[in-house]
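# Chains, contacts and geometry: an overview
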2 protein chains.
Amino acid sequence: MDIRIGLADDQQLFLRSLSALISSFPGFSVSAEALNGEEMLLKLRDAEERPHIVLLDVSMPVMDGCMTAERIRISFPEVKTVALSMKQDDDSVLKMLRAGCCAYLLKDIDPHELKWALTQIYSSGYYNAGFIKVNLNRLLLHDQHKQPVITDREREFLKYASSDLTYKQIASKMFLSEKTVDGYREALFSKFNVKSRVGMVLEAVRRDLLRI
Amino acid sequence: MDIRIGLADDQQLFLRSLSALISSFPGFSVSAEALNGEEMLLKLRDAEERPHIVLLDVSMPVMDGCMTAERIRISFPEVKTVALSMKQDDDSVLKMLRAGCCAYLLKDIDPHELKWALTQIYSSGYYNAGFIKVNLNRLLLHDQHKQPVITDREREFLKYASSDLTYKQIASKMFLSEKTVDGYREALFSKFNVKSRVGMVLEAVRRDLLRI
DNA sequence: TTCAAATACCGGAAATTTCCGGGTATCCAA
DNA sequence: TTGGATACCCGGAAATTTCCGGTATTTGAA
């Protein structure tokens, strides 16, 4: 009996390619492909034979990897989820693990390691990539410290901040005083632990709060 | 006789996956894989049977797609190059086409279209994805206006600029005077047509000069 | 050899960003 | 009803960024 894998990634070529790769592993088959989280949930709902393991891209349109993992955990608890991402920033890793993923893999993983990871997850329920293992304790310790909550206004401000506009111009676009947007700036600096507007914008991009 | 394909992409999993996908196309085989441009050139040099077509990721470390395409065109003119990218901004497209690529494909292309494109390129020497066709005339008209050349020092400065460092700190890291880095800043502002450091960094990211 | 481009440097001033302190009003949940 | 989070506002000063004007040396290609 094959280990059935589900794949969700918004990049079509990567999705189909990875599917071809995994199908070529003996003992594995791909039973569901989706271009976003919502599509994956639909396929799981309608599937006769659900995948044992679903690989989820972290950043997808319509429904991102985190929310999808959460929904899968609730609706199909027998299906194991694995995060697949290009980034390995602490926040993403934590968010996915907290959403119930039993592994966090990087997209530049070696195919052999991927196969090994999937085998491990199928049999023992989890797999820790080397880089994760090292940090896991530190991450879980500082857990509640991190994950600062970004308000809607701050998010809106971030959009304007990632441009050539001065704060004065941003204030007028948001119909606020300069001092108020200065407040948002200050709040985000401390939440992101940065010291400049450039750092703030880059951190926002890294946290997927901004698309560029 | 199979159509031989070469692949260069820094993302290991994508590289191997795409290789699996293309190998599964009847009449195709993958005869060279590389994680960057330099590696690909070495493989081409040593290969007994060179690929007919090489797919190049636009943004790679060590040697990017553009330079690789150029070098392939010079050293192995019989090998056709194809750009493979996530982005479709005018500059990237132009740069790759000018470097001698006979097609510019997006990474979320449908596998069937990829196969069709490769077939076309093999037999007729070129393939235009829909989106390119529309813009090609406009692009070629405005050609020389665009494409500001970024020097190595400017590129290095950009790396430092995409951080919390002040220009003073950047200057000391680069062993230059503050005024000199101010010169780089000024040059890049005008090349990118922006008015602030944030704009500069974001534009650099858009042009694949910086990774985030 | 001559010219352009890249590199390196300088001063001064205006604009913007950053940091510090303070404050009020509302709303919601404990 | 008290506390906490959010949204909003203010002044002042220091640091940084931006813009303007220059000059000199090196280097490689025409």
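Residues numbered from 1 in each chain as written. Chains lettered and ligands numbered in written order. Predicted model: local features only at pLDDT ≥ 70, side-chain atom pairs only at ≥ 80, totals over all residues. Heavy atoms only, no water.

Further remarks concern the interface of chain A and chain B. On the chain B side, the residues contacting the 32 residues of chain A number 32 residues. Of the roughly 2800 Å² buried at the junction of chain A and chain B (both faces included), carbon and sulfur atoms supply 69%. Where chain A meets chain B, there are zero salt bridges. Across the chain A-chain B interface, the total number found is six residue pairs in polar contact (both at pLDDT 80 or more). Elements that contribute at least two residues to the side of chain A that touches chain B include exactly α1 (12–24), α5 (111–124) and α10 (197–206) of chain A. For the side of chain A that touches chain B, the element with the most residues is α1 of chain A, which contributes eight residues. For the side of chain A that touches chain B, the per-class residue count stands at 17 nonpolar, seven polar and eight charged. (Contact = heavy atoms within 4.5 Å. Buried area = accessible area lost by both parts, 1.4 Å probe. Salt bridge = Lys/Arg side-chain N within 4 Å of Asp/Glu carboxyl O. Polar contact = N/O pair within 3.5 Å; in protein donor to acceptor, adjacent residues only side chain to side chain. Helix = DSSP H or I, 4+ residues; strand = E, 2+ residues; numbered from the N terminus. Nonpolar A, V, L, I, M, F, W, Y, C, P; charged D, E, K, R; others polar.)

All right, on to the packing of aromatic side chains then. Enumeration according to the criterion identifies seven aromatic pairs over all chains in this entry. Both rings, one in F25 of chain B and one in F28 of chain B, keep their centres 5.9 Å apart while their planes meet at 75°; by these two values the pair is edge-to-face. For the residue pair F25 of chain B and F28 of chain B, the accessibility class agrees, reading buried in each case. One aromatic cluster is present, formed by F157, Y167 and Y184 of chain A through successive ring pairs. Of note, R197 of chain B hangs over the ring of Y167 of chain B, and the distance from its end group to the ring centre comes to 4.9 Å. (Phe/Tyr/Trp six-rings, centres within 6.5 Å; stacked < 30°, edge-to-face > 60°. Buried < 20%, exposed > 50% of the residue type's maximum accessible area, 1.4 Å probe, protein only. Lys NZ or Arg CZ within 6 Å of the ring centre and 35° of its normal.)

What follows covers the side chain of S196 of chain A. Of note, S196 of chain A is situated in the loop between α9 (178–192) and α10. Every residue in contact with S196 of chain A, bar those within four places of it in the chain, is listed here: F189 of chain A together with S163 and D164 of chain B.

Bringing the pattern of salt bridges into the picture now. When charged atoms on two side chains of opposite charge get close, those side chains can pair. All names here are of chain A. By the definition in use, this model includes 26 salt bridges over all chains. The partner of R16 in a salt bridge is E33, with the nearest N and O atoms 2.3 Å apart. In this pair, R16 is assigned in helix α1 and E33 in strand β2 (residues 28–34), connecting sequence segments 17 residues apart. Note that K191 is salt-bridged to E154, the shortest N-O span being 2.9 Å. Note that K191 is positioned in helix α9 and E154 in helix α7 (residues 152–161), a separation of 37 residues in sequence. On the basis of relative accessible area, K191 is assigned to the partly exposed category, the value being 25%. Through salt bridges with shared partners, a single network forms among D9, D57 and K107.

The subject of this paragraph is the packing of α7 of chain A against α10 of chain A. Residues and elements named next belong to chain A. At a minimum axis distance of 10 Å, the contact between α7 and α10 shows a crossing angle of 115°. When the axes of α7 and α10 are compared, the pair comes out roughly perpendicular. Between α7 and α10 the crossing geometry is left-handed. Of the residues in α10, those touching α7 at F157, L158, Y160 and A161 are R197, M200, V201 and A204. Of the residues belonging to the contact of α7 with α10, the class tally is seven nonpolar, no polar and one charged. (Axes fitted to C-alpha atoms, helices over the stretch in contact; angles between N-to-C directions. Parallel < 35°, antiparallel > 145°, perpendicular 65-115°, else oblique. Left-handed = near helix turned anticlockwise from the far one by under 90°.)

What follows concerns the relation of the copies chain A and chain B. Both copies of the chain are tied together by a single rotation about an axis and a shift running along it. With an RMSD of 2.1 Å, the operation that places chain A on chain B is a rotation of 179° combined with a shift of 0.4 Å along the axis. What the superposition gives is, in effect, a two-fold axis relating one chain to the other. For chain A, the minimum C-alpha distance to the rotation axis belongs to S17 of chain A and amounts to 2.2 Å. Here 100% of the contact residues of chain A are again contact residues in chain B; the copies associate through an equivalent surface. (Least-squares fit on C-alpha atoms with pLDDT ≥ 70 in both.)

Okay, the environment of A32 of chain A next. All names here are of chain A. Within the secondary structure, A32 sits in strand β2. What makes A32 buried here is its relative accessible area of 8%. Each C-alpha atom, one on A32 and one on L7, is 6.1 Å from the other, the two residues being 25 residues apart in sequence. If sequence neighbours within four positions are ignored, A32 has contacts with I5, G6, L7, M40 and P51.

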